[in-house]
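# Observations on the model geometry
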Amino acid sequence: MTSVKQVSVFLENRKGSLAAVCALLGESGFNILALSIAEIDTYGICRVILSDTDAAVKLLRDKGYTVRVTEVLVVCVPDRPSGLADVLAIIEKEDISVEYLYSFVRNSGFDALLIFRLSDSERAELALKRNCIKIIGQKQIEEM
Amino acid sequence: MAKIRDPRFECMDREELRKLQGERLVSTVKHEYENVALYRQRMDEKGIKPEDIRGLDDLRYLPFMEKTDLRDTFPYGLFAVPTKDIVRIQGSSGTTGKPIVSGYTAGDIDIWTEMMARTMTAEGVDENSVVQVCYGYGLFTGGLGAHQGATKLGALTIPMSSGNTQRQIMMMHDLGVTHLCCTPSYALYLGESIREAGIDPKEMKLKNGSFGAEPWTEEMRVRIEELLGINAYDIYGLTEIAGPGVSYECEAKRGMHVNEDHVIPEIINPITGEQLPYGEKGELVFTTITKRGMPMLRYRTHDICRLHDEKCDCGRTFVRMERLMGRTDDMLIIRGVNVFPSQIEGILAGTQDVMPHYMLIVDRVNSQDTLEVQVEVTDAIFTDSLGRLEATKRYIGEQIKSVVGIKATVNLVAPHTMPRSEGKAKHIIDRRKL
């Protein structure tokens, strides 16, 4: 399976907590390639894709953050009307549900890069590939 | 099956035991009245003379002693023998101001040692055992108490004292330690550190452990036993009464047997002071009946507990005390309900492998009491799903509602946001202005 490592960090919902974690990563030379926040009243989960996951996780843990690494699917979605709708249609046809998705800060040429957390990434990957949709792996991410 | 060191007393017929306790009480009261001014004055105020105390049934007429009495008479005011007969001082640092100290005659040391030898026998120690003591040595009774008991049994005793975990693990492994003595929280930490060091506990010879000096839960026991592959036993004691060994668990693990030929336990109503029957919940009170250097009569522990006098499966007849349910001075009254932080601790320990840090914040909003429980999110409960985190939060709230009986707001907070202190963690903030 072609998955990419995502780092989830527990953050309290208060002023400055996101800035602090971004500053920590930045000062230590980690590039944030993608980021999303899921929040509920008093806390949230900050999900990031980084240039060097293992070293970043170690740093975050050393600084006392609660961290979890999860595998996500990074999909090249054609940058045109209905591009995303077509991808979602393929996933839906396989009866796979989307837990969440967000996009990369940059794109690659004419495609948008979208990060998917799915109920069954493996089957989704096969279906997308059958439909000539490109999937990005960890190695390509690290070279970005 | 573990042995019973002294069945003559530990399995004594209860009627006979009551008679023995009565005789020893009468002699202790006389000794105390004659030698300790503070207690003589207190008995006089109540109009009680030593000859009014004729047996165990008269215990309930005696005045109480409190921790403040030890502070107020520091250092020697409660000694009932000349200081030349005192051979040892033990004590506690005390969190504020003066320490409290307790004085022992040579005979008192022997009694304490014997209580601890019974304790460790019940928990599987004999002359073939290798005992590692990681309680602190010093004024604190933990280290020397366990040391004296193990030595008395002829066990090979390693006086490690506390701290330096890597060295503790190395000694435990290399010397083939079979029995561990430390606080339950340190046992957990040791267990986790052993796993982290890549050592399989099965490679070690560890069989049993005596854990005390702080309250713990059944969930912690399960975790310690799993991590270290041992039987974890609860022990109880306090410096004022002797030290560790006042009561001890046997293999039945159904409460701790009180060494009743030396110490009489009672349960009282903490507000009225009235004596309560076995089986009822209340404040634990101890009376020493063999100690000569500094006897304590009806000493209020402020620990909440229950006593049971039914004979134990192990054959011992000594009363069993349940795990402490909290402290009368920690007890919070929230919306009229008695809440013990230990109840909430038990719930949290059950939600994950490692006990999370927590804080109880009590406040009063619009003349209504509120309870907020802050739980630190550790790697053990953190998932990438908001849904699952919310489910954990809801579960904790529902458990508090069903076990404690009040509604609490549960909040998940980032680690290391709560104050840590070197010794006992602070777990309660009461903002109510009454």
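Use the structure listed above.
We now turn to the structure provided with this report. (Residues numbered from 1 in each chain as written. Chains lettered and ligands numbered in written order. Predicted model: local features only at pLDDT ≥ 70, side-chain atom pairs only at ≥ 80, totals over all residues. Heavy atoms only, no water.)

## Description of a nonpolar patch on the surface
A surface patch of nonpolar side chains, amounting to about 210 Å² of accessible area, comprises Leu-18, Leu-35 and Ile-37 of chain A. Given the relative accessible area of 30%, Leu-35 of chain A is considered partly exposed. (Patch = residues over 30% accessible without salt bridge, like charges linked within 9 Å, V, L, I, M, F, W, Y side chains within 5 Å. Areas by Shrake-Rupley, 256 points an atom, 1.4 Å probe, with all protein chains shown as cover. Salt bridge = Lys/Arg side-chain N within 4 Å of Asp/Glu carboxyl O. Buried < 20%, exposed > 50% of the residue type's maximum accessible area, 1.4 Å probe, protein only.)

## Observations regarding the layout of surface pockets
Rolled over the atoms, a probe with the dimensions of a water molecule shows which regions are left empty. Residue and element names in this part refer to chain B. When its volume is computed, the second largest pocket comes out at roughly 280 Å³. In terms of lining residues, the second largest pocket is bounded by 17 residues, among which Arg-18, Pro-265, Glu-266, Gln-275 and Tyr-278 are the most central. Of all the secondary structure elements, the ones that give two or more residues to the lining of the second largest pocket are α2 (14-35), β10 (263-268) and β11 (275-276). A total of four residues in the lining of the second largest pocket trace back to one element, the largest contributor, which is β10. (1 Å grid on protein atoms, 1.4 Å probe; cavity = no way out; pocket = protein on both sides within 12 Å on 5 of 7 lines; lining within 4 Å. Points joined across faces, edges and corners; volume = space filled by probe spheres on them. Helix = DSSP H or I, 4+ residues; strand = E, 2+ residues; numbered from the N terminus.)

## Re helix α11 (residues 386-403) of chain B
Between its terminal C-alpha atoms α11 of chain B stretches 26 Å, which fits the 26 Å expected from 18 residues at 1.5 Å a residue. Those residues of α11 of chain B that fall on the buried side of the exposure criterion are Leu-386, Leu-389, Glu-390, Thr-392, Lys-393, Ile-396, Gly-397 and Ile-400 of chain B. Here the buried residues of α11 of chain B occupy an arc of 155 degrees about the axis, which is enough to place them on one side. Residues of α11 of chain B that are buried sit in contact with β1 (4-12), β2 (32-40) and β3 (43-50) of chain A together with α10 (341-351), β20 (368-376) and β21 (409-413) of chain B. (Expected span 1.5 Å × (residues − 1). Arc of directions from axis to C-beta. Contact = heavy atoms within 4.5 Å.)

## Thoughts on unusual backbone geometry
Residues and elements named next belong to chain B. Cis geometry marks the peptide bond from Phe-74 to Pro-75, where omega comes out at 0 degrees. Within the secondary structure, Pro-75 sits in the loop between α4 (67-72) and β1 (86-92). For Ser-367, which is not glycine, the phi torsion reads 55 degrees and is therefore positive. Mapped onto the secondary structure, Ser-367 falls in the loop between β19 (358-365) and β20.

## Side note on the side chain of Thr-70 of chain A
Residue position: Thr-70 of chain A is located in strand β4 (residues 67-78). Accessibility expressed as a relative area gives 9% for Thr-70 of chain A, which makes it buried. The contact partners of Thr-70 of chain A, leaving out residues within four places of it in the chain, are Val-4, Lys-5, Gln-6, Ser-8, Tyr-100 and Arg-117 of chain A together with Asp-384 of chain B.

## Considerations on the interface of chain A and chain B
With 22 residues of chain A in contact, the opposing surface of chain B contributes 18 residues. Surface buried jointly by chain A and chain B totals about 1,600 Å² across both partners, of which 56% is contributed by carbon and sulfur atoms. On the chain A side of the contact with chain B, Phe-10, Tyr-43 and Thr-66 of chain A bury the most area, a combined 35% of that side's loss. Across the chain A-chain B interface, the total number found is two salt bridges. The shortest N-O distance in the salt bridge between Asp-384 of chain B and Arg-47 of chain A comes to 2.8 Å. At the junction of chain A with chain B, the criterion picks out nine residue pairs in polar contact (both at pLDDT 80 or more). Broken down by element, the residue count for the side of chain A that touches chain B peaks at five residues, all from β1 of chain A. Counted by class, the side of chain A that touches chain B contains eight nonpolar, six polar and eight charged residues. (Buried area = accessible area lost by both parts, 1.4 Å probe. Polar contact = N/O pair within 3.5 Å; in protein donor to acceptor, adjacent residues only side chain to side chain. Nonpolar A, V, L, I, M, F, W, Y, C, P; charged D, E, K, R; others polar.)

## A look at the sheet that holds β19 of chain B
Hydrogen bonds along the backbone pair up the strands of a sheet, which may run parallel or antiparallel. All names here are of chain B. An order of β21-β20-β19-β22 is seen for the four strands of this open sheet, with the pairing classed as mixed. Looking at strand neighbours, the two that pair on one side only are β21 and β22 (428-430), the edges of this open sheet. Averaged over all adjacent pairs, the angle separating strand axes in this sheet is 20 degrees, with direction ignored. Two strands pair when backbone bridges link them, and β20 and β21 are joined in this way by five bridges, in the parallel orientation. Each bridged residue has a counterpart across the sheet, and for Glu-372 the counterpart in β21 is Thr-409. (Pairing = 2+ DSSP bridges. Axes fitted to C-alpha atoms, helices over the stretch in contact; angles between N-to-C directions.)

## Concerning helix α3 (residues 83-93) of chain A
All names here are of chain A. Restricting attention to buried positions, one finds in α3 the residues Gly-83, Val-87, Ile-90 and Ile-91. On an axial view of α3, the arc spanned by its buried residues comes to 95 degrees, and they lie on one face. For α3, the exposed residues set more than 90 degrees away from the buried face come down to Glu-92 and Lys-93. On its buried face, α3 is in contact with β4, β5 (98-103), β6 (111-118) and α4 (121-130). Asp-95 sits one or two positions beyond α3 and adopts a positive phi of about 65 degrees.

## Focus: the packing of α10 of chain B against α11 of chain B
Residues and elements named next belong to chain B. Put simply, α10 and α11 touch, their axes get as near as 10 Å, and they point 140 degrees apart. Here the hand of the crossing between α10 and α11 comes out right-handed. Residue-level inspection shows Gln-343, Ile-344, Ile-347, Leu-348 and Thr-351 of α10 in contact with α11, the latter providing Tyr-395, Ile-396, Gln-399, Ile-400 and Val-403. (Left-handed = near helix turned anticlockwise from the far one by under 90°.)

## Structural notes on empty space enclosed by the protein
Residue and element names in this part refer to chain B. According to the stated counting rule, one finds three cavities of 30 Å³ or more in the structure shown. Looking at the largest cavity, its volume works out to about 80 Å³. If you trace the largest cavity, you find it lined by Tyr-104, Asp-108, Ile-111, Trp-112, Met-115, Ile-241, Ala-242, His-262, Val-263, Thr-288, Thr-290 and Lys-291. Residues of the lining of the largest cavity, tallied by class, amount to seven nonpolar, three polar and two charged. The space that makes up the second largest cavity amounts to roughly 50 Å³. Around the second largest cavity, the lining residues are Leu-70, Thr-73, Phe-74, Pro-75, Gly-77, Leu-78, Val-101 and Met-294. Its residues placed into classes, the lining of the second largest cavity shows six nonpolar, two polar and no charged.

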